[in-house]
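# Reading the structure
In case you want the letters, here they are:
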Amino acid sequence: MEAEFLNEDGLEPAVAPETQPPNPPTEPLDPTTPIENAASATIATPLAEKCKADAQIGFPERCQEGSPEGFMKNSRFWLADGNTQVQIGPIRFNLHRSRLAASSLWFKRYFEEQDAREIESGFEMVNELEVVELDATGIDITDFERLLSAMDDIVDYYHSPPPFATLASIFRAASILEFPKFQSYAGDALEALFPDSLEDVRAKPTPYAAEAIVLARAWNLPRVLKRAFYELARSPPGAATASALSLLSPADIILVAQAKNHLAAAWLSAYAPPKFGCNRCACESFIAVSRKFADMCWFMSLTGRYQFDPVFGLAMLPREYAKQDDCCSICAETREKGWKTHASRIWNTDLNVWFGLGPVHPNKN
């Protein structure tokens, strides 16, 4: 009795492997033979797959049909009157040479050196488009696209700055290709998102703090670091904070963890038996003792809110203190001065030490 072979589902008998008919031999394709439905035929190529992937992640402009030479045209930055082609990976841009040279020191040097070589060789390119390969620079194609967008939309950007990710792209690309004005613009805008100023600390943490730290470390933006580190250190624990921390180097993760301990200690040290500013409150009567106890309870009630955010917490204490029923205006003024001094010391001195920053100087782009 012959053995029966079941198919993958185990439901129906299948032909034994050794009895399966071989595939018919493949005839060589005659190039003169017409192909049915040739208009609908597609050829899967690496460029086609790349095009499909770019469309899925939000860059449909990269999906313009490629040329026979094996590159894809960027539809937004493929200028009809462009005279210089720039290529990153399989994507090519058709741009204006004069505008690139006027905006970028890198392109200016490149074109000058190319012109010098042509003069030296006695051969001049006529009706030939230059192709500038940028892969060797290490520039990311998305960063380059966002830089080109900034060149077109810079007026709008000044009135309404783009989000952090776009600014980071512009800064990286402008740094690599030496677009000084755009590097300065993006650097200033990033510093405005993470200002190195005590007065600019707000209740809600600024997003993208971890990304800002990574960017500042890699691209020399020291004025961003203090605020970005502080925002991350005061962020409440949770999945979002853990995910952000995972972006950092091990050394920076340790800095943030240690800083949280320092911040908690700094908040608790902000409380001391109140140094009252008037004789009535300073008297050693039962009323004064009761006031001191009530004052301590009031302060501790705020600890859950400001334990890891002493800078903003100290700024809010005068307002919170004024809500007390028996608040003395003279004592409130005295304590407010002490709280401001304490907050200034934390921001201007302690944070530099805790985050290993040292003196921070203005960024020179």
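Above: the structure in question.
Everything in this summary refers to the structure shown in the same document. The structure presented is a predicted model; accordingly, all values stated were derived computationally and were not measured. Every chain is numbered independently, its residues counted from 1 as its sequence is written. Given that this is a predicted model, residues contribute local features only at a pLDDT of at least 70 and side-chain atom pairs are listed and counted only at 80 or more, while totals for whole chains, interfaces and linings are drawn from all residues. Side-chain figures throughout are based on the complete set of non-hydrogen atoms in the structure, without hydrogens or water.

## Observations regarding the overall build of the protein
Applicable threshold: Secondary structure follows DSSP: runs of H or I at least 4 residues long count as helices, runs of E at least 2 residues long count as strands, and numbering of each begins at the N terminus. Buried means the residue's accessible area, taken with a 1.4 Å probe over protein chains only, is under 20% of the maximum for its type, while exposed means over 50%, and partly exposed covers the values in between. Here, residues are in contact when the closest pair of their heavy atoms is within 4.5 Å.
Assigned secondary structure in the protein consists of 15 helices and six strands. Counting only residues that meet the buried cut, the protein has 38% of its 365 residues in that class. When contacts within the protein are restricted to residue pairs at least 6 apart in sequence, those whose partners lie at least 24 apart make up 61%.

## Structural notes on the nonpolar core
Just so we agree on the cut-off: Joining through side-chain atoms within 4.5 Å is the link that ties buried Ala, Val, Leu, Ile, Met, Phe, Trp, Tyr and Cys residues into a set, and such a set is a nonpolar core.
Residues Val86, Phe93, Phe107, Leu134, Phe144 and Phe179 are the most contacted members of the largest nonpolar core, which totals 81 residues. Dropping the residues within four chain positions of it, Phe93 is found in contact with Asn74, Phe77, Trp78, Thr84, Gln85, Val86, Ile88, Ile141, Phe144, Glu145 and Leu148.

## Details of helix 15 (residues 329-354)
Put simply, the rule reads: Helix span is expected to be 1.5 Å times the residue number reduced by one. Given a residue, its bend is the angle between the two axes fitted to the seven residues that end at it and to the seven that start from it.
Over its 26 residues, helix 15 runs 35 Å from end to end, which matches the ideal 38 Å to within 8%, given 1.5 Å per residue. At Ile346, helix 15 is bent by approximately 35°, the largest bend along its length. The set of residues buried in helix 15 consists of Cys331, Ala332, Arg335, Trp339, His342, Ala343, Ile346, Trp347, Leu351, Asn352 and Trp354. Directly beyond the C-terminal end of helix 15, a positive phi value near 65° is found at Gly356.

## Concerning the packing of aromatic side chains
The condition that has to hold: Note on ring pairs: Phe, Tyr and Trp rings are taken, using the six-membered ring of Trp, and paired if centres are within 6.5 Å. Classes follow the plane angle, with under 30 degrees stacked, over 60 edge-to-face and the rest tilted. In this analysis the charged atom, NZ for Lys or CZ for Arg, is taken to sit over a ring once it is within 6 Å of the ring centre and within 35 degrees of the ring normal.
On inspection of all chains with the given rule, the structure shows 15 aromatic pairs. On the numbers, 6.3 Å between centres and 85° between planes, the contact of Phe164 with Phe194 is edge-to-face. Here Phe194 lies in the loop between helix 6 (180-193) and helix 7 (209-219) and Phe164 lies in helix 5 (residues 164-177), a separation of 30 residues in the sequence. Every member of this aromatic cluster is reached through a ring pair, and the members are Trp106, Phe107, Tyr110, Phe111, Phe179 and Phe182. The ring of Phe71 has Arg92 lying over it, and the distance from NZ or CZ to the ring centre is 3.8 Å. Over the aromatic face of Phe308 sits the side chain of Lys260, whose NZ or CZ is 4.4 Å from the ring centroid.

## Considerations on the sheet that holds strand 3 (residues 72-78)
Inclusion rule: Two strands pair under a simple rule: DSSP has to find at least two bridges between them. Structural elements are reduced to axes, namely lines fitted to C-alpha atoms, with helices fitted over the stretch in contact, and the angle between N-to-C directions of any two is expressed from 0 to 180 degrees.
Strand order in the open sheet made by the four strands is 3-5-4-6, with mixed pairing throughout. Taken across any chain shown, the strands that pair with only one partner, and hence form the sheet edges, are strand 3 and strand 6 (130-133). Adjacent strand axes in the sheet meet at a mean angle of 30°, parallel and antiparallel pairs treated alike. Packed on one face of the sheet, helix 4 (residues 141-159) meets strand 3, strand 4 (84-88) and strand 5 (91-95) and runs near 25° to strand 3.

## Focus on helix 10 (residues 250-269)
Note: α-helices contain 3.6 residues per turn, so residues at a spacing of three or four share the same orientation. Compared with an ideal rise of 1.5 Å per residue, which puts 20 residues at 28 Å, helix 10 spans 29 Å between its outermost C-alpha atoms and is within 8% of the ideal. Listed in full, the buried residues belonging to helix 10 are Asp252, Leu255, Val256, Ala259, Leu263, Ala264, Ala266 and Trp267.

## Observations regarding a nonpolar patch on the surface
Stated precisely, the cut-off is as follows: Residues qualify for a patch when their relative accessible area is over 30% and they have no salt bridge, like charges being joined within 9 Å and the nonpolar side chains of Val, Leu, Ile, Met, Phe, Trp and Tyr within 5 Å. Computed by Shrake-Rupley with a 1.4 Å probe, the accessible areas treat only the displayed protein chains as cover when residues are assessed. Should a side-chain nitrogen of Lys or Arg be within 4 Å of a carboxyl oxygen of Asp or Glu, the pair is scored as a salt bridge.
Taken together, the side chains of Leu268, Met296 and Met300 define a hydrophobic patch exposed on the protein surface, amounting to about 270 Å² of accessible area. With respect to the helices and strands, Leu268 occurs in helix 10.

## Re the side chain of Gln87
Inspection of the secondary structure puts Gln87 in strand 4. Not counting the four nearest positions on each side in its chain, Gln87 is found in contact with Phe71, Arg92, Val131, Val132, Glu133, Leu134 and Asp135.

## Quick word on the pattern of salt bridges
A side chain of one charge can pair with a side chain of the opposite charge when the charged atoms of the two come close. In this structure the tally under the stated criterion is 15 salt bridges. Of the charged contacts, one joins Arg97 and Asp115 as a salt bridge, the two residues approaching to 2.6 Å between their closest N and O atoms. Linking Arg97 in helix 2 (residues 97-103) with Asp115 in helix 3 (residues 105-121), this pair joins segments that are 18 residues apart in sequence. The partly exposed category is assigned to Asp115, whose relative accessible area is 28%. A salt bridge links Arg172 to Asp143; the shortest N-O distance between them is 2.8 Å. Here Arg172 is found in helix 5, whereas its partner Asp143 is found in helix 4, with 29 residues between them in sequence. Assessed through its relative accessible area of 24%, Arg172 is described here as partly exposed.

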